[in-house]
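So you can see what is in the structure, the chains are spelled out below.
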Amino acid sequence: MKKFILAAAASFALAACGQPAEAPTEEAAPAAPESLMEQIQAMAPDQQPVFAWQQLTAYQGAHPEAQPPCTSIRAAEARGIVPPNIDPASIYAGHAGSLVFAIQCGPQLTQVRSDPAEHWLVIFAPGATEAAVLNCADGTRDLCAGRTLPTVDAMPTPAPAATP
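Residues numbered from 1 in each chain as written. Predicted model: local features only at pLDDT ≥ 70, side-chain atom pairs only at ≥ 80, totals over all residues. Heavy atoms only, no water.

A.B. asks: Explain the environment of V133 to me, please; I cannot follow it from the model alone.
C.D. replies: By secondary structure assignment, the location of V133 is in strand β4 (residues 132-135). Taking the C-alpha atoms as reference, V133 lies 9.9 Å from A52; in sequence the two are 81 residues apart. For V133, the contacting residues outside a window of four places in its chain are L56, Y59, W120 and L121. (Helix = DSSP H or I, 4+ residues; strand = E, 2+ residues; numbered from the N terminus. Contact = heavy atoms within 4.5 Å.)

Here it is as structure tokens:
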């Protein structure tokens, strides 16, 4: 009889091994950001320019006509979200509501002047799954040289018409 009890106890012990005490609950994983803009906004501020540069190099890898290639970073900075009153004559026109980063490529030598052809904007539009990339060069002029976004004054609302 002792053998039977020992065998039964051993069976129960083996059956219980590896069995969770309670059924596992599936925790809802946080939803992954859908757009690149959401992804970059969820990052630490010091990682955002790095991500923007990665998007620039990925773009240049897919578009070899985008010259010159950015092989080294001289500077990378966030320009912010393009406001609705952006200057329509600026390079930022048409990108209101987008998050913009400026990437200056080239050697980090103080004796070397920045080349406008190596200055890029990486634009993260709301809902977009790819970044837009624009080159800042216009001949020898750098369209992205200013660190602030060029805006225009908001148009005043017209006064209501006087009633007779």
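A.B. asks: Sorry if this is basic, but what is going on with the state of the cysteines here?
C.D. replies: Any covalent bond linking the sulfur atoms of two cysteines counts as a disulfide. Scanning the entire structure with this criterion turns up 2 disulfides. The partner cysteine of C70 in its disulfide is C105, sulfur to sulfur 1.9 Å. Across the S-S bond linking C70 and C105, the dihedral sits near -105°, which makes this disulfide left-handed. Taken together, the residues C70 in the loop between α3 (48-62) and β1 (73-81) and C105 in strand β2 (residues 99-105) connect sequence positions 35 residues apart. (Disulfide = S-S within 2.5 Å.)

A.B. asks: What is the right way to read the side chain of S90 from this model?
C.D. replies: Position of S90 relative to the elements: it lies in the loop between β1 and β2. Under the relative-accessibility criterion, S90 is labelled buried at 15%. Among the polar contacts made by the side chain of S90, one reaches the main-chain carbonyl oxygen of D87 at a distance of 2.8 Å. (Buried < 20%, exposed > 50% of the residue type's maximum accessible area, 1.4 Å probe, protein only. Polar contact = N/O pair within 3.5 Å; in protein donor to acceptor, adjacent residues only side chain to side chain.)

A.B. asks: I'm lost on the pattern of salt bridges in this one. Help?
C.D. replies: A pair can form between side chains of opposite charge whenever their charged atoms are brought close. Following the criterion strictly, the structure yields 3 salt bridges and no others. Note that E77 is salt-bridged to R79, the shortest N-O span being 2.9 Å. By relative accessible area, R79 is classed as buried at 9%. One salt bridge connects R141 with D138, and the closest N-O pair in it is separated by 3.4 Å. The partly exposed category is assigned to D138, whose relative accessible area is 43%. (Salt bridge = Lys/Arg side-chain N within 4 Å of Asp/Glu carboxyl O.)

A.B. asks: Could you clarify how one ought to interpret the confidence of the model for the chain in this entry?
C.D. replies: Summing up the model confidence of the chain, the mean pLDDT is 82 and the portion of residues at 70 or higher is 73%. Ignoring residues within four places in sequence, the model shows residues 4-10, a span with pLDDT below 50, making 0 contacts including any to other chains. (pLDDT = per-residue confidence, 0-100.)

A.B. asks: Explain the environment of D46 to me, please; I cannot follow it from the model alone.
C.D. replies: Looking at the element boundaries, D46 is found in the loop between α2 (36-41) and α3. The class of D46 is exposed, set by a relative accessible area of 56%. Sequence spacing of D46 and E77 is 31 residues, and the spatial spacing of their C-alpha atoms is 9.9 Å.

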